[in-house]
There are 2 protein chains.
Amino acid sequence: MRIIKKETDYALRALYFIHEKGGKAAVSQIYSQIKAPRPFLRKIFRMLALSGILISKKGKNGGFEFKKPFNSITLADINEIFDEMTPLGGCPFKNRICSNFRSCALKGKIRAIEQETYQRLKRTYIKDMWD
Amino acid sequence: MRIIKKETDYALRALYFIHEKGGKAAVSQIYSQIKAPRPFLRKIFRMLALSGILISKKGKNGGFEFKKPFNSITLADINEIFDEMTPLGGCPFKNRICSNFRSCALKGKIRAIEQETYQRLKRTYIKDMWD
DNA sequence: TTAAATGATATCAAAAAAGTATCATTATTT
DNA sequence: AAATAATGATACTTTTTTGATATCATTTAA
Ligand code: FES
Ligand code: FES
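Worth saying up front: this structure is predicted, and the values here are computed from it rather than measured.

**Considering the packing of aromatic side chains**
Right, so step 1: For the coordinates displayed, the defined rule picks out 9 aromatic pairs over all chains.
Right, so step 2: Aromatic side chains Tyr16(A) and Trp130(A) sit 4.2 Å apart centroid to centroid with 25 degrees between the ring planes, which places their arrangement in the stacked category. Of the two residues, Tyr16(A) sits in helix H1 (residues 6–20) while Trp130(A) sits in the segment after helix H5 (106–123), which places them 114 residues apart along the sequence.
Right, so step 3: Since its relative accessible area comes to 18%, Tyr16(A) is described here as buried.
Right, so step 4: An aromatic cluster is present here, built from Tyr16(A), Phe66(A), Phe70(A) and Trp130(A) joined pairwise through their rings.
Right, so step 5: One Lys or Arg, Lys6(A), reaches over the ring of Phe93(B) and ends 5.7 Å from the middle of that ring.

**Examining the sheet that holds strand E3 (residues 63–66) of chain A**
All names here are of chain A.
Right, so step 1: Pairing is antiparallel in the open sheet, where 3 strands are placed in the order E1-E3-E2. The open sheet terminates on both sides in strands that have one partner only, identified here as strand E1 (24–25) and strand E2 (54–57).
Right, so step 2: Judged from the 2 bridges that link them, E1 and E3 form a sheet pairing that is antiparallel. Residue pairing in the sheet places Ala25 in a bridge with Phe64 of E3.
Right, so step 3: Against the sheet, H1 touches E1, E2 and E3, its axis set at about 85 degrees to E3.

**A closer look at the protein's contact with DNA strand D**
Right, so step 1: Residues in close proximity to DNA strand D total 27 residues, the closest being Arg42(A), Arg46(A), Ser56(A), Arg2(B) and Lys43(B).
Right, so step 2: Taken together, the sugar and phosphate atoms account for 62% of what DNA strand D places within 4 Å of the protein.
Right, so step 3: In this structure, Val27(A) approaches DNA strand D through a main-chain N or O atom, which is 3.2 Å from a phosphate oxygen.
Right, so step 4: Taking Gly59(B), its main chain carries an N or O atom lying 3.2 Å from a base oxygen of DNA strand D.
Right, so step 5: At the level of secondary structure, the elements contributing two or more residues to the surface near DNA strand D comprise helix H2 (27–30), helix H3 (38–50), E2 and E3 of chain A together with helix H1 (6–20) and helix H3 (38–50) of chain B.
Right, so step 6: Considering every element that reaches the surface near DNA strand D, the biggest residue donor is H3(B), with 4 residues.

**Focus on the protein's contact with DNA strand C**
Right, so step 1: Taken together, 27 residues sit near DNA strand C, with Arg2(A), Lys43(A), Arg42(B), Arg46(B) and Ser56(B) positioned nearest.
Right, so step 2: Those atoms of DNA strand C that come within 4 Å of the protein belong to sugar or phosphate at a rate of 63%.
Right, so step 3: The contact in question runs from a phosphate oxygen of DNA strand C to an N or O atom on the backbone of Lys6(A), over 3.2 Å.
Right, so step 4: Between DNA strand C and Lys58(A), the relevant distance is 3.4 Å, taken from a base oxygen to a side-chain nitrogen or oxygen of the residue.

**Some points on the interface of chain B and chain A**
Right, so step 1: Taken together, the contacts link 36 residues of chain B with 36 residues of chain A.
Right, so step 2: Of the roughly 3,800 Å² buried between chain B and chain A on both sides combined, carbon and sulfur atoms contribute 66%.
Right, so step 3: By the criterion of area lost to chain A, the three top residues of chain B are Met1(B), Leu106(B) and Ile113(B), representing 22% of everything that side buries.
Right, so step 4: Joining chain B to chain A, the criterion identifies 2 salt bridges.
Right, so step 5: A salt bridge links Glu116(A) to Arg120(B); the shortest N-O distance between them is 2.7 Å.
Right, so step 6: Those elements that place two or more of their residues in the side of chain B that touches chain A are H1, helix H4 (75–82) and helix H5 (106–123) of chain B.
Right, so step 7: Among the elements that make up the side of chain B that touches chain A, the one with the highest residue count is H5(B) (10 residues).
Right, so step 8: For the side of chain B that touches chain A, the residue count by class is 18 nonpolar, 5 polar and 13 charged.

About the thresholds
Residues numbered from 1 in each chain as written. Chains lettered and ligands numbered in written order. Predicted model: local features only at pLDDT ≥ 70, side-chain atom pairs only at ≥ 80, totals over all residues. Heavy atoms only, no water. Phe/Tyr/Trp six-rings, centres within 6.5 Å; stacked < 30°, edge-to-face > 60°. Helix = DSSP H or I, 4+ residues; strand = E, 2+ residues; numbered from the N terminus. Buried < 20%, exposed > 50% of the residue type's maximum accessible area, 1.4 Å probe, protein only. Lys NZ or Arg CZ within 6 Å of the ring centre and 35° of its normal. Pairing = 2+ DSSP bridges. Contact = heavy atoms within 4.5 Å. Axes fitted to C-alpha atoms, helices over the stretch in contact; angles between N-to-C directions. Near = heavy atom within 4 Å. Polar contact = N/O pair within 3.5 Å; in protein donor to acceptor, adjacent residues only side chain to side chain. Buried area = accessible area lost by both parts, 1.4 Å probe. Salt bridge = Lys/Arg side-chain N within 4 Å of Asp/Glu carboxyl O. Nonpolar A, V, L, I, M, F, W, Y, C, P; charged D, E, K, R; others polar.

Function cannot be read off these values alone, since they describe shape.
The following block contains the structure:
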């Protein structure tokens, strides 16, 4: 059972780091601290910017700062950027549809559990993760 | 977020099928019904037997029957055969340990969520999955 | 003795996840 | 203006995990 991806892991720790740094930082200042590969972290940050979590500033002395207030960011906010949920009525095994889709009740039960887990991610604020 | 693997999916549906067939069946009678690849299902069944869920009977007219009573089997029972949980105090990213393992509080929170999900799997009986 | 089942194991293929490389664009500093 | 240092965009590669095969040995009932 893999709750989060490495991308989410890096993202969460990086966001926390930016917050500690006063709310703004560039990838070059972060990656070594959280031991993430630089180009990978860049990709992650671009997605965070596209998703409205961060604002990016280009050029010298550029970097990233929070768009969404740090205190309001949940684990779910970040997780859903990198990992999609199974759609309502869908099968947990994406694209390639399951054999006996129609008669399969499994997907419903599994989805319910997934949803419950998601709700919990939603209730977990990243500001509280380092308590 | 992937709650169960395909192996678990096949296993659950196959077990239900055996139950409907009166508690005993051979792989050759099952795989086409649940649309699982035969050799894959064989492997799955061997694991179910090794784990004490089923008993295997070799030879002609052989097959598999329940060792653990069907009504007592939970989703967790099957899931844990094919998917391991992160060990207590461990990092969700198996083998290759995380960079800042010591200072990382993330792993604790993630594990808590994983545990909660596991508890729910434990409370879900496969006999109830086709309601 | 044959047929039909599982046991055991090695191997392969496909998909997903993780990570790189490269060039373009933008803004600051000199 | 030029150099520098940041992100934007995108294509690619590698590694890991998952899903699936193939093969031969063993067992048992007919
Ligand atoms: S339809 Fe995919 S698990 Fe049932
Ligand atoms: S130690 Fe692995 S997620 Fe923190």
